[in-house]
Amino acid sequence: MSTPARGILSWQATSCGVGWALMVGLWLTMAPDGGWAASDDTQRGVSYLTQRDRSGSPDPETFYNGERGAEIAAGFCAIEDQSLDFLSSVAEAAPFRIPDEILKLHSVQESDVRTVFDGLVASSAGAAPTLYTHGFFIDFEKGCRRATVFQENANLVGRFLWFSWPSNGELTNYTHDEADLHWSVPDLANAIARLDATFGKGQFNIAGHSMGGRGMALALYDVAVRHPDVRVGHVALLAPDIDFGLFARLVPRIRPIVKSLTIYVAEADRPLALSEQVHGYPRLGQAGNDVGVLDGVEVIDLSDLPVRSPSGHLYHIYNTEVGDDLNQLLNSDLLAGDRRNLVRTGDNLWRLQRQDDQ
């Protein structure tokens, strides 16, 4: 197991989280029909690029599978939601976030890649869009739901393009997902180059979560080698699951082609602690690394925030403070020294504070 210095949640906290999860599960199974209330009719969802293979099924939840496809597909995945009003009282007392709605993949609307990019130009309305990719254990259906919530938390609706590489969504297939992520890197790099050609130099941003943060770092390295004239705006890597030492070696090649490079880290990130055990080296998204060696990189430590998910790994979805900080970075073009709620604790290290503490 990882040491306490890595900030792993205690056994007692984990047991508490399991107890609450069981309690919520009982609420869900016992809830009366009257506890459901339909949401408004506003369509939610994200535009996407993917190299997933089509299953041949018309069911949107299984439209794409976890196998590698022969070509890049594109389109829009639409989400529908229903509110869970009966859980509001439970949510107020829970030690982590309990959603007050259930999201479901409603439809997959395929189109060609050019149409997706043209639509992104129109919906961005002159603002810089963000290309985002997900991490391990994410099938297409889960990925669409989480990407939808993430873009809303960071105020990126209309300026967001989700890249879905062929993770097969199975918890036991970590190394299989690693292989598929690495296979996807050239296509991620091509998407970055196309954004540069479409929006102009430095007029788009990049975000990646967990293993997807590794993919984005490798793709940026690939772009720097193959397309050194490309210029990216802000890059935000959230809980990146990449070897810290490897990333330190990539930074000198990546840094010249990006406007800024921001890393989000946290102590209570359980999946990254497990990844450190598997790989034998600290992960970039863990708090406590010697980030002073990352020249030209801004590191945001989220360890002072409440842990709103049992894993401590999904703060980009569940913590409004993180969404607000990303909004300031990606939409308002503010570096860490100019953003609110950040306390500087090192040359390139800041701690994000709870908004109600300011």
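Residues numbered from 1 in each chain as written. Predicted model: local features only at pLDDT ≥ 70, side-chain atom pairs only at ≥ 80, totals over all residues. Heavy atoms only, no water.

(A) Summary view of empty space enclosed by the protein. A complete count under the given rule lists 1 cavity of 30 Å³ or more for this structure. Taken as a whole, the largest cavity encloses approximately 60 Å³ of empty space. Breaking the lining of the largest cavity down by element, the ones donating at least two residues are helix 4 (140-153) and helix 9 (315-318). Along the lines of polarity and charge, the residues of the lining of the largest cavity split into 4 nonpolar, 5 polar and 1 charged. (1 Å grid on protein atoms, 1.4 Å probe; cavity = no way out; pocket = protein on both sides within 12 Å on 5 of 7 lines; lining within 4 Å. Points joined across faces, edges and corners; volume = space filled by probe spheres on them. Helix = DSSP H or I, 4+ residues; strand = E, 2+ residues; numbered from the N terminus. Nonpolar A, V, L, I, M, F, W, Y, C, P; charged D, E, K, R; others polar.)

(B) Structural view of unusual backbone geometry. Positioned with a positive phi, Phe137 is a non-glycine residue whose angle comes to about 65°. Mapped onto the secondary structure, Phe137 falls in the loop between strand 5 (130-133) and helix 4. Notably, Asn155 is not glycine yet its phi reads approximately 60°, a positive angle. Examined against the element boundaries, Asn155 turns out to sit in the loop between helix 4 and strand 6 (160-164).

(C) Looking closely at the pattern of salt bridges. What the rule picks out here adds up to 18 salt bridges. Where Glu110 meets Arg54, a salt bridge forms, and the shortest distance between an N and an O atom there is 2.9 Å. In this pair, Glu110 is assigned in strand 4 (residues 101-111) and Arg54 in strand 2 (residues 44-54), connecting sequence segments 56 residues apart. We classify Glu110 as partly exposed; its relative accessible area is 35%. Arg54 sits in the partly exposed class, given a relative accessible area of 37%. A salt bridge links Glu141 to Arg145, with the shortest nitrogen-to-oxygen separation between them at 2.6 Å. Of the two residues, Glu141 and Arg145 both sit in helix 4, 4 residues apart, roughly one turn of that helix. Residue classification places Glu141 among the buried positions, given a relative accessible area of 12%. (Salt bridge = Lys/Arg side-chain N within 4 Å of Asp/Glu carboxyl O. Buried < 20%, exposed > 50% of the residue type's maximum accessible area, 1.4 Å probe, protein only.)

(D) Highlighting the state of the cysteines. Following the criterion strictly, the structure yields 1 disulfide and no others. At a sulfur-sulfur separation of 2.1 Å, the disulfide partner of Cys77 is Cys144. With the S-S dihedral at roughly 105°, the linkage between Cys77 and Cys144 falls on the right-handed side. Within this pair, whereas Cys77 is found in strand 3 (residues 64-84), its partner Cys144 is found in helix 4, the two being separated by 67 residues in sequence. Relative accessible area serves as the criterion here: at 0%, Cys77 is assigned to the buried category. (Disulfide = S-S within 2.5 Å.)

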